[in-house]
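Residue-level structure breakdown
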Amino acid sequence: MSGAPGLRFAEAAGRILDGAVSGGAGDAEAYVHHGAELTVKAFGGEVESLTSAESRGIGLRVFADSRMGFAYTSDLSEEGLRRLVDTALAACRVNEPDEHAGLPDAVPNGDLDLVAADFDALSVEERVAMALELERLATTAVPEVRRASGAVYADERGRNELYTTRGVAAAFEATVAYGYVETIAERGEEMQAGMSFTYGRSASALDLAACGREAAERAAGLLGADRLPSRTVPVIFEPWAAASLVGTLASSISAEAVQKGRSLLAGRIGEAVAASCVTLVDDGRLREGLASRPWDAEGVPTQRTEVIGDGVLRSYLHNSYTARRDGTARSTGNAARGSYRSTPELGPTNLVLLPGTAGPEELMARMGDGILVTDVHGLHTVNPVTGEFSLGIGGFAVEGGVRGAPIREMTVAGTLLDLLGAVEAVGSDLRFTFGPGFVGAPSVLVRSLPVSGA
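Residues numbered from 1 in each chain as written. Predicted model: local features only at pLDDT ≥ 70, side-chain atom pairs only at ≥ 80, totals over all residues. Heavy atoms only, no water.

Glancing now at the packing of aromatic side chains. Geometrically, a pair of aromatic rings is defined through the distance of the ring centres and the angle of the planes. Counted according to the given criterion, the structure contains 11 aromatic pairs. A centroid spacing of 4.9 Å and a plane angle of 85° characterise the contact between F172 and W295, whose relative ring orientation is edge-to-face. Linking F172 in strand 5 (residues 169-187) with W295 in the loop between strand 8 (280-283) and strand 9 (304-309), this pair joins segments that are 123 residues apart in sequence. Each member of the pair, F172 as well as W295, carries the same accessibility label: buried. Here F197 and Y199 contribute two aromatic rings whose centre-to-centre distance is 5.4 Å and whose plane-to-plane angle is 25°, an arrangement assigned as stacked. Judged by relative accessible area, which is 9%, F197 ranks as buried. Residue Y199 is classed as partly exposed on the basis of its relative accessible area of 25%. An aromatic cluster is defined as three or more aromatic residues linked by ring pairs; in this entry it consists of Y178, Y180, F197, Y199, F432, F434 and F438. Sitting above the plane of the Y31 ring, R337 keeps its charged end 4.1 Å from the centroid. (Phe/Tyr/Trp six-rings, centres within 6.5 Å; stacked < 30°, edge-to-face > 60°. Helix = DSSP H or I, 4+ residues; strand = E, 2+ residues; numbered from the N terminus. Buried < 20%, exposed > 50% of the residue type's maximum accessible area, 1.4 Å probe, protein only. Lys NZ or Arg CZ within 6 Å of the ring centre and 35° of its normal.)

All right, on to the sheet that holds strand 5 then. Strand order in the open sheet formed by 6 strands is 3-2-1-4-5-6, and the pairing between neighbours is antiparallel. Among the strands making up the open sheet, the edge pair consists of strand 3 (67-73) and strand 6 (190-200). This sheet shows a mean twist of 20° between the axes of neighbouring strands, independent of strand direction. (Pairing = 2+ DSSP bridges. Axes fitted to C-alpha atoms, helices over the stretch in contact; angles between N-to-C directions.)

Let us now look at the sheet that holds strand 18 (residues 431-435). The 6 strands lie next to each other as 10-9-8-13-19-18, forming an open sheet whose pairing is mixed. In this open sheet, the two strands that pair with only one neighbour each are strand 10 (312-313) and strand 18. Sheet analysis places strand 18 next to strand 19 (residues 437-441), joined by 5 bridges and oriented antiparallel. Residue pairing in the sheet places F432 in a bridge with G440 of strand 19.

A separate point is the nonpolar core. Core analysis: the biggest nonpolar cluster contains 52 residues, and F237 and I393 have the highest contact counts within it. With 5 residues, the top contributor of residues to this core is helix 5 (residues 239-247). With residues near it in sequence (within four places) discarded, I393 still touches I371, V373, D375, V376, H377, I407, E409, M410, T411, V412 and V451. Grouped together as the second largest cluster of nonpolar side chains are 23 residues, I16, A20, A28 and V85 included. (Core = buried A, V, L, I, M, F, W, Y, C linked by side-chain atoms within 4.5 Å. Contact = heavy atoms within 4.5 Å.)

Turning our eyes to something else, we now look at the packing of helix 3 (residues 124-138) against helix 4 (residues 208-221). At their nearest, the axes of helix 3 and helix 4 sit 8 Å apart, and the two run at 40° to each other. Considered as vectors, helix 3 and helix 4 are oriented oblique to each other. Helix 3 and helix 4 meet at a crossing whose hand is right-handed. Seen from helix 3, the contacting residues are M130, E133, L134, L137 and A138; seen from helix 4, they are L208, A209, C211, G212 and A216. Along the lines of polarity and charge, the residues of the contact of helix 3 with helix 4 split into 8 nonpolar, 1 polar and 1 charged. (Parallel < 35°, antiparallel > 145°, perpendicular 65-115°, else oblique. Left-handed = near helix turned anticlockwise from the far one by under 90°. Nonpolar A, V, L, I, M, F, W, Y, C, P; charged D, E, K, R; others polar.)

These figures capture arrangement, not role.
As structure tokens, then:
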């Protein structure tokens, strides 16, 4: 399904690129997106909401005299395309010149198989039924869980096309499906929540039974939670909790943030910023990554970029603009767009803390006494410049390497760099979740952190 541009959009793109050049542009780029998505939420055994949406349109960037103009439209009529060109050229004339603005030198190269052959195998009714089934499975898995705050099934097929006045004509298509559920466990007046998530390239890849059971067991396992006295102890962050922390680094590894002085990692390339067991990569071509793509939002081929290798900061993430501004860097294929309605920005693809070899039980045995964190809250409060954080946590006490009683209403505080430097080991249990891009991490054992409680 990938590779061949669509004729209708190709014809429209050709017209607006010719119009842009005739109007005075030195370079121009047409970015096309066509997507269809379905989202179903089940609640109380019924469909609470269903959204089926389709969008398509073209974003046009024009460049002249070191200035950039942008406009977009979903109107593919002759008049709509003419207005698109006129608006982009008008914006270009009034924008301030920027010597770093322009099309990338790299061009799309290679392909990825991102489409499930059976994506369209199920009817809308059958996919709606999956949300209801996920809720049923989650609320019948364990006795303590009889209701959920919501179960969601969602999928999307998207197609991106790119055309430039430099002869680029490329396209790729991708499909995604996922489901998640948040359950509520009850005992007397106490309530605890648990969540789980399943994903793939089509509905057939989702494991609803495992997702529902995990969400129920996570909620039920927290019943009876209590606050512990404040202490400084070793801490293990389970994969999703660790992935949430990894996601907070996304802004700090952005070259844009670095160049604006808004990153705690600015000016530290080549320095040790984490323990030697920490290797963090951004991999836009990861087979199982839902943020994978053959080329980024301006046509630069994606790649595997080692951001932190063996604890040493190796690279920031770049698009073509930040690479030119840097002067010595090359784009890492991290230009990103929310849709055809926006210009390329900068963002991670599949951001992964690489796993080690130790299983979670082996990590707990190594820790001895400490805290196992299963959930973190308040990630928006992490300071991207200083790395300071104070996060609410939930999880379990660990005694003698064995998971014990659940804990609640506790906080862990510190700085991201101190935390990265105190990592003693990473587990083998890599899992992914949505974040900035698609974020993956295994369990992470931290030597010691101050944990506040009762």
